[in-house]
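# Observations on the model geometry
In case you want the letters, here they are:
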Amino acid sequence: MIVTKDLTHKWFTLFAEKVIQEKEQLSEYDRIIGDGDHGMNMARGAQQLITLWQAVPPVHLSDVFKQAAMKWISGVGGASGPLYGTAFLEMAKAVGAKEELSNDELVTAVKAGFEGIKKRGKSDIGQKTMLDLWAPAVQDLEKDELTMATLQTALTKTNELKATKGRASFLGDRSINEVDPGAASSKLFFEALIEAGEFGGN
Amino acid sequence: MVTNIGIVMVSHSKDIVKGINDLIQQVAPNVSITYAGGTVNGDIGTSFETVQQAIEENTCHQLFAFYDLGSAKMNLEMAAELSEKEIEILDVSFIEGVYCTAALFEMNADLTVVISELEQLMVK
Ligand SMILES: [Mg+2]
């Protein structure tokens, strides 16, 4: 798959729309194992990004990532602002001045985002975080595919984990079988990529 | 004479930083202390903008930064990376760490003394 600026613009717009649509549900997940603000915080950044692009659409491919990063960092706050903000910023750096990405280059960019989240959150896979959605998505993308089934399986597996990072870790075993809000919003991020791109399957 | 290092505090609650500030003003009235608590609207949470503001408003170029919970640290890290200032983020117990640092800064204690005191308060 070739990733253009238009495709990426569509990807992030769909992500922002999904976040706004799922705002209540995301906050509900966070109320159970966190502080209940994930949906509200994410939707604030998402709305700011949509408003910005309605006025001035992104010109270059890296603008999409950079502008999303800035809205997440400055507008979202909490933990998800710095985590998604860092991911998008690292993706922008990986893209550089390119106006089109091959599938390999897309994988490199998404991996850079994944590493950014790891660094910012001082976390790794298996801790019931966003990373547990990002890692299988990267694996799929490496095979030039990405399916809803992969994302759903990843979320289900993440639900079964015990949180050992972030506020949810204070709950210990009680976090098992609950949904990590960051993993749920990360699922929306990759669902948006599936819808914007032209991946086979469903 | 007091030190030329300032203190920045970040909490999820505006009342927590306000309360700690009241406490340390008693021992360190001459240290440059700025803080960010809660969201822009004053709700519980952390905001990058208020953290950035607390950093820039501090009159010192070199800062020791303290925080309560994880996302306060992440916003601090982002703001520190984007700031020209030299910022040391300390993973110490919040109240004890700030209090100890403020008191030592006020009496212009040697930096190695401050650091070794803080090392004993590492909890995060
Ligand atoms: Mg939260």
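Under an unreviewed UniProt entry, chain A has the name Dihydroxyacetone kinase subunit L and belongs to Viridibacillus soli.

So, on to helix H2 (residues 23–33) of chain A. Looking at H2(A), one finds that the buried residues are A:Leu26, A:Ser27, A:Asp30 and A:Ile33. For H2(A), the angular spread of buried residues about the axis comes to 135°, placing them on one side.

All names here are of chain A. Scanning all chains against the criterion turns up 17 salt bridges over all chains. Here Glu-195 ties to Lys-18 by a salt bridge, and the two come within 2.7 Å at their closest N and O atoms. With Glu-195 in helix H9 (residues 181–196) and Lys-18 in helix H1 (residues 5–21), this pair connects stretches of sequence that are 177 residues apart. Relative accessible area serves as the criterion here: at 41%, Glu-195 is assigned to the partly exposed category. Note that Glu-142 is salt-bridged to Lys-111, the shortest N-O span being 2.8 Å. You can see Glu-142 sitting in helix H7 (residues 131–142) and its partner Lys-111 sitting in helix H6 (residues 103–121), a full 31 residues away along the chain.

Here we take up the state of the cysteines. All names here are of chain B. A full pass over the atoms with the stated rule returns zero disulfides over all chains. Between Cys-100, a cysteine without a disulfide, and Cys-60, which holds the nearest cysteine sulfur, the sulfur-to-sulfur distance is 17 Å. On the basis of relative accessibility, which here comes to 15%, the residue Cys-100 falls in the buried class.

Residue and element names in this part refer to chain A. The protein atoms donating to the magnesium ion are Asp-30 (OD), Asp-35 (OD) and Asp-37 (OD), with metal-donor distances spanning 2.0 to 2.3 Å. The motif formed by the donor residues of the magnesium ion, counted along the single chain, is D-x4-D-x1-D. The exposure class assigned to Asp-30 is buried, which follows from its relative accessible area of 8%.

Residues and elements named next belong to chain B. Within strand E3 (residues 62–67), five of the six residues are buried, leaving the element largely enclosed by the surrounding structure. Across six bridges, the pairing between strand E1 (residues 5–11) and E3 is parallel. Opposite Ile-7, over in E3, you have Phe-64 as the bridge partner. For the crossover that starts at E3, traverses helix H3 (residues 70–82) and ends in the parallel strand E4 (residues 86–89), the hand is right-handed.

Below, the discussion takes up the UniProt feature "domain: DhaL" (unreviewed entry) in chain A. Sites flagged by UniProt as "domain: DhaL" (unreviewed entry) map to residues 6–195 of chain A. Taken end to end, residues 6–195 of chain A comprises 71% helix and 1% strand; its first and last C-alpha atoms sit 13 Å apart.

Residues and elements named next belong to chain A. Relative orientation of the contacting elements H2 and helix H3 (residues 38–55) amounts to 140°, with a least axis distance of 6 Å. Looking at the two axes, H2 sits oblique to H3. For the pair formed by H2 and H3, the contact residues are Lys-23, Leu-26, Ser-27 and Asp-30 on the first element and His-38, Gly-39, Met-40 and Ala-43 on the second. Here the contact of H2 with H3 is composed, by residue class, of three nonpolar, three polar and two charged.

What follows deals with the interface of chain A and chain B. Opposite the 13 residues of chain A that make contact, chain B presents 13 residues. Both sides together, the interface formed by chain A and chain B hides about 1200 Å², and carbon and sulfur atoms give 58% of it. At the junction of chain A with chain B, the criterion picks out three salt bridges. Note that A:Arg120 is salt-bridged to B:Glu81, the shortest N-O span being 2.9 Å. The interface formed by chain A and chain B holds six residue pairs in polar contact (both at pLDDT 80 or more) in total. Among the secondary structure elements, those contributing two or more residues to the side of chain A that touches chain B are helix H4 (61–75), helix H5 (80–95) and H6 of chain A. Classifying every residue of the side of chain A that touches chain B gives four nonpolar, five polar and four charged.

What counts, and where the lines are drawn
- Residues numbered from 1 in each chain as written.
- Chains lettered and ligands numbered in written order.
- Predicted model: local features only at pLDDT ≥ 70, side-chain atom pairs only at ≥ 80, totals over all residues.
- Heavy atoms only, no water.
- Buried < 20%, exposed > 50% of the residue type's maximum accessible area, 1.4 Å probe, protein only.
- Helix = DSSP H or I, 4+ residues; strand = E, 2+ residues; numbered from the N terminus.
- Arc of directions from axis to C-beta.
- Salt bridge = Lys/Arg side-chain N within 4 Å of Asp/Glu carboxyl O.
- Disulfide = S-S within 2.5 Å.
- Donors = N, O, S within 2.8 Å, 3.2 Å for Na, K, Ca; no water.
- Pairing = 2+ DSSP bridges.
- Right-handed = clockwise from strand over helix to strand, strands pointing away.
- UniProt positions renumbered as here; feature names shortened; annotations may be inferred.
- Axes fitted to C-alpha atoms, helices over the stretch in contact; angles between N-to-C directions.
- Parallel < 35°, antiparallel > 145°, perpendicular 65-115°, else oblique.
- Contact = heavy atoms within 4.5 Å.
- Nonpolar A, V, L, I, M, F, W, Y, C, P; charged D, E, K, R; others polar.
- Buried area = accessible area lost by both parts, 1.4 Å probe.
- Polar contact = N/O pair within 3.5 Å; in protein donor to acceptor, adjacent residues only side chain to side chain.

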